[in-house]
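Chains, contacts and geometry: an overview
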Amino acid sequence: MLAIISNVLRASAQRNGAAVITSARTYADFTTQATFEIKKCDVFKLDEGPATQVVLTRDEGLQYYRTMQTMRRMELKADQLYKQKIIRGFCHLYDGQEACAVGIEASINLSDHLITAYRAHGYTYTRGGTVKEIMAELTGRRGGIAKGKGGSMHMYCKHFYGGNGIVGAQVPLGAGVALACKYQGNNELCVCLYGDGAANQGQIFETYNMAALWKLPVIFICENNRYGMGTSVERAAASTDYFKRGEFIPGLRVDGMDVLCVREATRFAADHCRSGKGPILMELQTYRYHGHSMSDPGVSYRTREEIQEVRSKSDPISMLKDRMLSNNMASVEELKEIDVEVRKEIEDAAQFATTDPEPPLEELCNHIFCDMPSLEVRGTNPWAKLKSVS
Amino acid sequence: MAASLRCFLRSGKNTVSALQLRDFHRSAPAAVQMTVRDALNQAMDEELERDERVFLLGEEVAQYDGAYKVSRGLWKKYGDKRIIDTPISEMGFTGIAVGAAMAGLRPICEFMTFNFSMQAIDQIINSAAKTYYMSAGLQSVPIVFRGPNGASAGVAAQHSQCFAAWYGHCPGLKVVSPWNSEDAKGLLKSAIRDENPVVVLENELLYGVPFEMSEEAQSKDFTIPIGKAKIERQGNSITLVAHSRYVGHCLDAAAVLAKEGIECEVINLRTIRPMDVESIETSVMKTNHLVTVEGGWPQFGIGAEICARIMEGPAFNYLDSPVTRVTGVDIPMPYAKILEDHSLPQVKDIIFSVKKTLNI
């Protein structure tokens, strides 16, 4: 009998396509929270590490799932649009690394600060950008988060400082943001991300020194996805223990494919910073499914088998899904429902991103200077006197 | 009487102000002598006091009182939080300064000389100058980069480069180059109050030179607008345009040339970017001749840009001869004094160039 009712209800849900999750099972049937055992972090210059027994609530799980799925679908849609030549230039995709962005954001506040390099679409989303404005920026339209002026690598929103194209340059910037937090005494911190390739940049070591010296509230995070463009970590670094490279800065090595590990480690790191102990370094071991960028097939320096193995054994979204299902925290239908909604959101955003007009030519020279009344800008020839307003 | 009056009028002094000096009913303005160093110091002191978001960082700016003593006394007054000694890490601390500006502070980032700014130039251009544009106005960067620029005395090739042309090339940056104490104070204060990244190119040889500071310039709110040149001396025969130390050289040359009946109009650029081309054009349309003077190398330099702009504008038709550029010699700076002296424009080079341009 119940089976008939559930079938009817399920069928009606599919017909409506509504945002209401209807299920034969009520919420009372689901476990509201469960405790999970997560991988222990390797620590450096620390007496203890993050907790290994963590609690995940049903609501949190659903939120992480939705966010990661949105990021995944958004990146895959970008791949599609790039191949259709609707997105041009640089496009560095984040699929596979979703647990990092989501886990980090879960343990900081929107009032904290974050800066990263060019693989930034995911972070733009977790920091408050909408899929619509991110995609429209990728397609270079006026509805883009930077009005089409920035593109893939230069997206900004409140307390999110991009999106930075020069490898490693964002690290001193992040420490500077942390300096401002300490200076203003607002108990905020800055999460400052870089990759395994950037980890060999000199300016990062200069930054470690000053951050430690001045006890800046910065969490340095190395997203180690094993390849700096086409160069594997073994071929680039004399020491691949990125979490130890801060030398005098305590470090953690974290499973970056497990959103709960990332969340717990970030919680630990944030506490460290906010208690005035100065900087801390986290290495997130993660993986990108795509190549370095859309112009890299990603298989000349690594094997398809390796990519497939990570996808089947360590995918962050699958891992979370399995955890939730096997602990009765959600149903298959419920998660499918979320997938449908996400797919629709992405489709709508892509629709907007492909139909929104490009920025008007009159705005070509705008935003050179802040607070400047109209300024004249030289065009391509002496008679082209263009105008800049901010 | 007539002769002395003629001499007086040729000197370019304003008749009215001269008469005022002889007017016993009105007291003369209380001008004081102040070195460029003290003017810069006063500018920073006043702005640090006025706005608690302003802070200074750089090598030796705090406990050493500044490598050239420009920040003398500031650490004692404001402490560690606002006057920060950095390790020798230009790329690192410049990036930190830019990040702090992005997050709401107003840093003054000092380079011991602009030669070292080359290590950090990516942060200045890519992280500071371009960000407002890339973010379509979401993210401003209110930062000042300052320090001595150009040749000093006997410091040789790696410590003598002029960066006016390099920084002046880039949209998104404002670049100023003060000459005297009033310039130094007024432009630095404007730079600190500006919401944009501003490069302030000082000159080490001018730090110790005293100049008159008008009563107006002594005020705590004295600023000089960025983007406006100043006519230091009026004249009809020829226009001389210079920035920084060479403004003084031009005035010296003008004094010598005046004795021969050549009246030079001397323009102090004050700002390299955005350049006040209009002032130059107005002057050229009056004098019909132009000589530019700079310490930097000729190729792609300030003079080259002025030549191009004059050609593209209304003043070209008023030129009676091509523009002449007086520049540093196109070589790395040598060490030996005789060689160094001959690597930079001297007053006699300016006089020679003026006469050549006027075909005298």
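Residues numbered from 1 in each chain as written. Chains lettered and ligands numbered in written order. Predicted model: local features only at pLDDT ≥ 70, side-chain atom pairs only at ≥ 80, totals over all residues. Heavy atoms only, no water.

The name given to chain B in an unreviewed UniProt entry is Pyruvate dehydrogenase E1 component subunit beta, and the organism recorded there is Oreochromis aureus. Word for word, the UniProt comment on chain B under Subcellular location (unreviewed entry) is "Mitochondrion". Taken directly from UniProt, the Catalytic activity (unreviewed entry) text for chain B runs: "N(6)-[(R)-lipoyl]-L-lysyl-[protein] + pyruvate + H(+) = N(6)-[(R)-S(8)-acetyldihydrolipoyl]-L-lysyl-[protein] + CO2". (UniProt positions renumbered as here; feature names shortened; annotations may be inferred.)

Under an unreviewed UniProt entry, the name given to chain A is Pyruvate dehydrogenase E1 component subunit alpha, and the source organism is Oreochromis aureus. The annotation that UniProt attaches to chain A under Subcellular location (unreviewed entry) is "Mitochondrion matrix". Turning to chain A, the UniProt record has this under Function (unreviewed entry): "The pyruvate dehydrogenase complex catalyzes the overall conversion of pyruvate to acetyl-CoA and CO(2), and thereby links the glycolytic pathway to the tricarboxylic cycle."

Residues and elements named next belong to chain B. Partitioning chain B into structural domains gives domain 1 (33–218) and domain 2 (230–358). Computed over C-alpha atoms, the centres of domain 1 and domain 2 are 26 Å apart. Each side of the interface is counted separately: domain 1 has 28 residues, and domain 2 has 24 residues. Carbon and sulfur atoms supply 59% of the area that domain 1 and domain 2 bury against each other, a total of about 2000 Å² over both sides. Put simply, domain 1 and domain 2 have one salt bridge between them. Its salt-bridge partner being Asp183, residue Arg270 comes within 2.7 Å of it at the nearest N-O pair. Here domain 1 is connected to domain 2 by 11 residue pairs in polar contact (both at pLDDT 80 or more). Within the residue set of the side of domain 1 that touches domain 2, elements represented by two or more residues are α9 (164–168), β6 (174–176) and α10 (181–193). Class assignment for the residues of the side of domain 1 that touches domain 2 results in 18 nonpolar, eight polar and two charged. (Domains from an automatic or database assignment. Contact = heavy atoms within 4.5 Å. Buried area = accessible area lost by both parts, 1.4 Å probe. Salt bridge = Lys/Arg side-chain N within 4 Å of Asp/Glu carboxyl O. Polar contact = N/O pair within 3.5 Å; in protein donor to acceptor, adjacent residues only side chain to side chain. Helix = DSSP H or I, 4+ residues; strand = E, 2+ residues; numbered from the N terminus. Nonpolar A, V, L, I, M, F, W, Y, C, P; charged D, E, K, R; others polar.)

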